There are 2 protein chains.
Amino acid sequence: MEKEWDIIEVLRHSRHDWLNKIQLIKGNLDLNRIERVKEIIEQIVIETQQETKLSNLKLPQFASLVLRANWDQHQFQLEYEVLDEGESLSINESQLTYWTESFFACLNDSVEPFQDNHLSISIEKLSNGARFFFDFRGIIKKIKLIEQFLAGSNQTEMELIIRQFSENELALEVFMPMA
Amino acid sequence: MEKEWDIIEVLRHSRHDWLNKIQLIKGNLDLNRIERVKEIIEQIVIETQQETKLSNLKLPQFASLVLRANWDQHQFQLEYEVLDEGESLSINESQLTYWTESFFACLNDSVEPFQDNHLSISIEKLSNGARFFFDFRGIIKKIKLIEQFLAGSNQTEMELIIRQFSENELALEVFMPMA
């Protein structure tokens, strides 16, 4: 029964996302901005290619989390990019997904709501594992909360490097070794 | 785990469907057929409204079956229309879904493959139940198979009326009483 509802719920969110894109096309078309419409379509195609790449990583839990992130009422907008395709990743996916979910929750509690908060994730496959760059830009209100979270993140097999940490930016590099 | 994969699979199908629409818009835009693009967008909006109506019927099993019908490799194309919205339907959904799924399978085995085969479903709510019109247009090869299926459909609480039955059309009216 739950599975049945899922299809409906997933399509409801997907439909909402796509209708926003269609409205953007329609709005610019009505203003006769044909070149802008073409740019929007190009952007849409690039985004869907990224979605395909993410889905093909064979990290279903992690991919699902990322794909539905903007459906949850987060205080930040998520973007992502898969830098490299090819072989599927053999890493500790549960740990990565659990950490990422916790990071989203922590970020959600730490940032100034209703601001221009953005998190971008870049995913890069390496010969000995995978590297994930998490780059947040926006307004962080509760620095302490994030500090505590990051301090507690060291007890896993992932390697975490803080590249940048201020009130307006948090850049993390997470390396997951080959499992 | 299954649920996680579901999101990815559903989005894969949905993305494919939407990219087809975007390609249609792009193709016509490249040919500078602006009015045609506007018509396509209007059609897309109407289709998504129907999808919303179907999802709101509170018949999750039946709606899921219909929503994913064109993802399966059927020998016919499915369209649907919800004639009336409003109160949710209180009918024997399992029976309706089981019958519809069996009907799809029977039709799939009975029609001439790779032809212009179309099935349209109209859903109409009534004060004492709901009426479903199934209208197939195309080429039916195995009339006997459908006759057998229809003969076996009488042992349920649904009322089935054959409105039209020839090699090129099969029109059925199914009434499901209020549960």
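A brief report on the enclosed structure follows.

Cut-offs used in this document
- Residues numbered from 1 in each chain as written.
- Chains lettered and ligands numbered in written order.
- Predicted model: local features only at pLDDT ≥ 70, side-chain atom pairs only at ≥ 80, totals over all residues.
- Heavy atoms only, no water.
- Phe/Tyr/Trp six-rings, centres within 6.5 Å; stacked < 30°, edge-to-face > 60°.
- Helix = DSSP H or I, 4+ residues; strand = E, 2+ residues; numbered from the N terminus.
- Buried < 20%, exposed > 50% of the residue type's maximum accessible area, 1.4 Å probe, protein only.
- Lys NZ or Arg CZ within 6 Å of the ring centre and 35° of its normal.
- Pairing = 2+ DSSP bridges.
- Axes fitted to C-alpha atoms, helices over the stretch in contact; angles between N-to-C directions.
- Contact = heavy atoms within 4.5 Å.
- Buried area = accessible area lost by both parts, 1.4 Å probe.
- Salt bridge = Lys/Arg side-chain N within 4 Å of Asp/Glu carboxyl O.
- Polar contact = N/O pair within 3.5 Å; in protein donor to acceptor, adjacent residues only side chain to side chain.
- Nonpolar A, V, L, I, M, F, W, Y, C, P; charged D, E, K, R; others polar.
- Parallel < 35°, antiparallel > 145°, perpendicular 65-115°, else oblique.

**Some remarks on the packing of aromatic side chains**
For step 1, the next point in the chain: Tallied over the entire structure, the rule returns 15 aromatic pairs over all chains.
For step 2, the next point in the chain: With centroids separated by 5.4 Å and ring planes inclined at 70°, the aromatic side chains of B:Phe62 and B:Phe132 adopt a geometry described as edge-to-face. One end of the pair, B:Phe62, is in helix α3 (residues 60-68); the other, B:Phe132, is in strand β3 (residues 129-137), with 70 residues separating them in the sequence. In this pair, the class of B:Phe62 matches that of B:Phe132, namely buried.
For step 3, the next point in the chain: Among the aromatic residues, those joined into a cluster by ring pairs are A:Trp99, A:Phe103, A:Phe134 and A:Phe149.
For step 4, the next point in the chain: Above the face of the A:Trp18 ring, A:Lys21 is positioned so that its terminal group lies 5.0 Å from the ring centre.

**Observations regarding the sheet that holds strand β5 (residues 169-177) of chain A**
All names here are of chain A.
For step 1, the next point in the chain: If you trace the 5 strands from one edge of the open sheet to the other, you get β1-β2-β3-β5-β4, paired in mixed fashion. A strand with exactly one partner marks an edge of an open sheet, and here the two such strands are β1 (77-82) and β4 (159-165). The average undirected angle you get between the axes of adjacent strands in this sheet is 15°.
For step 2, the next point in the chain: Against the sheet, helix α2 (residues 34-55) touches β1 and β2 (118-126), its axis set at about 70° to β1.

**What to know about the interface of chain A and chain B**
For step 1, the next point in the chain: Across the contact, 37 residues belong to chain A and 37 residues belong to chain B.
For step 2, the next point in the chain: Summed over both partners, the interface of chain A with chain B comes to about 3900 Å²; 72% of that surface belongs to carbon and sulfur atoms.
For step 3, the next point in the chain: Where chain A meets chain B, there are 2 salt bridges.
For step 4, the next point in the chain: Where A:Glu51 meets B:Arg15, a salt bridge forms, and the shortest distance between an N and an O atom there is 2.7 Å.
For step 5, the next point in the chain: Here chain A is connected to chain B by 7 residue pairs in polar contact (both at pLDDT 80 or more).
For step 6, the next point in the chain: Counting residues per element, the ones that place at least two in the side of chain A that touches chain B are α1 (2-30), α2 and α3 (60-67) of chain A.
For step 7, the next point in the chain: Looking at side-chain class alone, the side of chain A that touches chain B contains 19 nonpolar, 7 polar and 11 charged residues.

**Remarks on the packing of helix α2 (residues 34-55) of chain B against α3(B)**
All names here are of chain B.
For step 1, the next point in the chain: Contact pair α2 / α3: the axes reach a minimum separation of 9 Å and the direction vectors enclose 155°. Between α2 and α3, the angle falls in the class roughly antiparallel. When α2 is examined against α3, the residues Glu-51, Leu-54 and Ser-55 are found in contact with a partner set consisting of Phe-62, Ala-63, Val-66 and Leu-67.
For step 2, the next point in the chain: Among the residues forming the contact of α2 with α3, the class breakdown is 5 nonpolar, 1 polar and 1 charged.

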